[in-house]
Amino acid sequence: MDDPLIVVALLLVAAAATAAVAVRDPVRQALVLSVLGVTLAVLFTVMQAPDVALSQLAVGAALTPLLLLLSVRKIGRREQRARQGNRKENRKGKGKAR
């Protein structure tokens, strides 16, 4: 009776893992990684390992994607500041040349 559930859970994990590899946008990758963590937790539950499933939910589905999203946000802010700084320098340089 458990075999069809295991097959379905494995197919879900395979689909989520493939999606995580195929997505190029870092924000979407973090979200797909979260979905992958949830599907892995479902697989572990079906395989009768609830302790591992809870750990997977906490770390794989919540903390890791959250840290990735925060990192992407911080990098985006740094790049935005760098672009703004370059624009200001370019404006100052053009004003002096005239």
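Above this text sits the structure in question.
As the structure is a prediction and not an experimental result, all values here were calculated from the model.

## What about the overall build of the chain?
Along the backbone of the chain there are three helices and zero strands. Sorting the 98 residues of the chain into buried and exposed places 20% on the buried side. Once local pairs closer than 6 in sequence are excluded, the contacts in the chain between residues at least 24 apart make up 51%. Of the charged side chains in the chain, 15 are positive and 6 negative, and the gap between their average positions amounts to 28 Å.

## Thoughts on the pattern of salt bridges
Going through the model one piece at a time under the given rule, you end up with one salt bridge. The salt bridge partner of Glu79 is Arg83, with a shortest N-O separation of 3.7 Å. In this pair, Glu79 and Arg83 are both assigned in helix H3 (residues 50-97), four residues apart and thus about one turn of the helix distant. Since its relative accessible area comes to 42%, Glu79 is described here as partly exposed.

## Things to note about helix H2 (residues 26-46)
In this model H2 runs 30 Å from its N-terminal to its C-terminal C-alpha over 21 residues, within 8% of the 30 Å that 1.5 Å per residue would give. Listed in full, the buried residues belonging to H2 are Ala30, Val32, Ser34, Leu36, Gly37, Thr39, Ala41, Leu43 and Val46. Of the residues trailing H2, Gln48 is marked for its positive phi of about 65°.

## Some thoughts on the side chain of Thr39
Considering the arrangement of structural elements, one finds Thr39 in helix H2. According to the relative accessible area criterion, Thr39 is buried, its value standing at 13%. Sequence-distant contacts of Thr39, that is, excluding residues within four places in its chain, are made with Leu12, Val13 and Ala16.

## Observations regarding a positive patch on the surface
The grouping of Arg73, Lys74, Arg77, Arg78 and Arg81 at the surface amounts to a positive patch. Following the sequence through the fold, Lys74 ends up in helix H3.

Criteria and thresholds
Within any chain, residue numbers begin from 1 and follow the written order of that chain's sequence. Local features are withheld for residues below a pLDDT of 70 in this predicted model, meaning they are given only at 70 or higher, and side-chain atom pairs are given and counted only at 80 or more; totals for whole chains, interfaces and linings count all residues. Side-chain descriptors were evaluated using all non-hydrogen atoms of the structure, hydrogens and water having been removed beforehand. The helix count covers DSSP runs of H or I at least four residues long, the strand count covers runs of E at least two residues long, and both are numbered beginning at the N terminus. Here the term buried applies to any residue with accessible area under 20% of the maximum for its type, exposed to any over 50%, and partly exposed to those in between, with areas from a 1.4 Å probe on protein chains only. We call two residues in contact when some of their heavy atoms are within 4.5 Å. His is not counted, nor are the chain ends, whereas Lys and Arg count as positive and Asp and Glu as negative. By convention, the charge on Lys lies at NZ, on Arg at CZ, on Asp at CG and on Glu at CD. Salt bridges are counted wherever a side-chain nitrogen of Lys or Arg sits within 4 Å of a carboxyl oxygen of Asp or Glu. Multiply 1.5 Å by the residue count of a helix minus one, and that product is the helix's expected span. Patch membership needs two things, relative accessible area over 30% and no salt bridge, and members are linked within 9 Å if like-charged or within 5 Å if nonpolar (Val, Leu, Ile, Met, Phe, Trp, Tyr). For the accessible areas, the method is Shrake-Rupley and the probe is 1.4 Å, while residue cover comes only from the protein chains on display.

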